[in-house]
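One letter stands for each residue in the lines below.
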Amino acid sequence: MAHRITDECTYCGACEPECPVSAISAGDSIYVIDENVCVDCIGYHDEPACVAVCPVDCIFKV
Ligand code: SF4
């Protein structure tokens, strides 16, 4: 399980510093989640930190 960022990403960068396991990085045109690193925030937050801050709701659970 992991989360994924869609093409709707506006490259705002709000999610990157919120991830407790540093799974998010800036890609070429959108931010990208390393699905081998993402832990769905289990053990860190009640809801995924990136989803909570994304202003355009472009992050979904894979
Ligand atoms: Fe990081 Fe949590 Fe988002 Fe996964 S769900 S990328 S662990 S902030």
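Residues numbered from 1 in each chain as written. Predicted model: local features only at pLDDT ≥ 70, side-chain atom pairs only at ≥ 80, totals over all residues. Heavy atoms only, no water.

In terms of regular secondary structure, the protein is built from 1 helix and 4 strands. Reading the secondary structure of the protein in the N-to-C direction produces β-β-β-α-β. What you see for the protein is a C-alpha radius of gyration of 10 Å, in line with the 11 Å of a compact globule of 62 residues. Taken along its principal axes, the extent of the C-alpha atoms in the protein is 30 × 20 × 20 Å. Taking contacts inside the protein between residues at least 6 apart in sequence as the whole, the part at least 24 apart equals 57%. In the structure as shown, the protein presents an accessible area of about 3900 Å², 48% of it carried by carbon and sulfur atoms. (Helix = DSSP H or I, 4+ residues; strand = E, 2+ residues; numbered from the N terminus. Rg over C-alpha atoms; globule rule 2.2 N^0.38 Å. Contact = heavy atoms within 4.5 Å. Areas by Shrake-Rupley, 256 points an atom, 1.4 Å probe, with all protein chains shown as cover.)

This brings us to the packing of aromatic side chains. This model, assessed by the stated rule, comprises 1 aromatic pair. Taken together, a centroid distance of 5.0 Å and an interplanar angle of 50 degrees make the contact between tyrosine 11 and tyrosine 31 tilted. Pair noted here: tyrosine 11 is in the loop between β1 (3-5) and β2 (24-26) and tyrosine 31 is in strand β3 (residues 31-33), with a separation of 20 residues, a long-range link. On the basis of relative accessibility, which here comes to 35%, the residue tyrosine 11 falls in the partly exposed class. (Phe/Tyr/Trp six-rings, centres within 6.5 Å; stacked < 30°, edge-to-face > 60°. Buried < 20%, exposed > 50% of the residue type's maximum accessible area, 1.4 Å probe, protein only.)

Moving on, we come to the pattern of salt bridges. Pairs can form between side chains of opposite charge whenever their charged atoms are close. Counted under the stated rule, the structure contains 2 salt bridges. Ionic pairing is found between glutamate 35 and arginine 4, a salt bridge with its closest N-O pair at 2.6 Å. Taken together, the residues span a long stretch of sequence, with glutamate 35 in the loop between β3 and α1 (49-53) and arginine 4 in strand β1 at a distance of 31 residues. Among the salt bridges present, the one from lysine 61 reaches aspartate 40, with a minimum N-O distance of 3.4 Å. Taken together, the positions of lysine 61 in strand β4 (residues 59-61) and aspartate 40 in the loop between β3 and α1 put the pair 21 residues apart, joining distant regions of the chain. A relative accessible area of 45% means that lysine 61 is categorised as partly exposed. Exposure remark for aspartate 40: the relative accessible area of 8% places this residue in the buried category. (Salt bridge = Lys/Arg side-chain N within 4 Å of Asp/Glu carboxyl O.)

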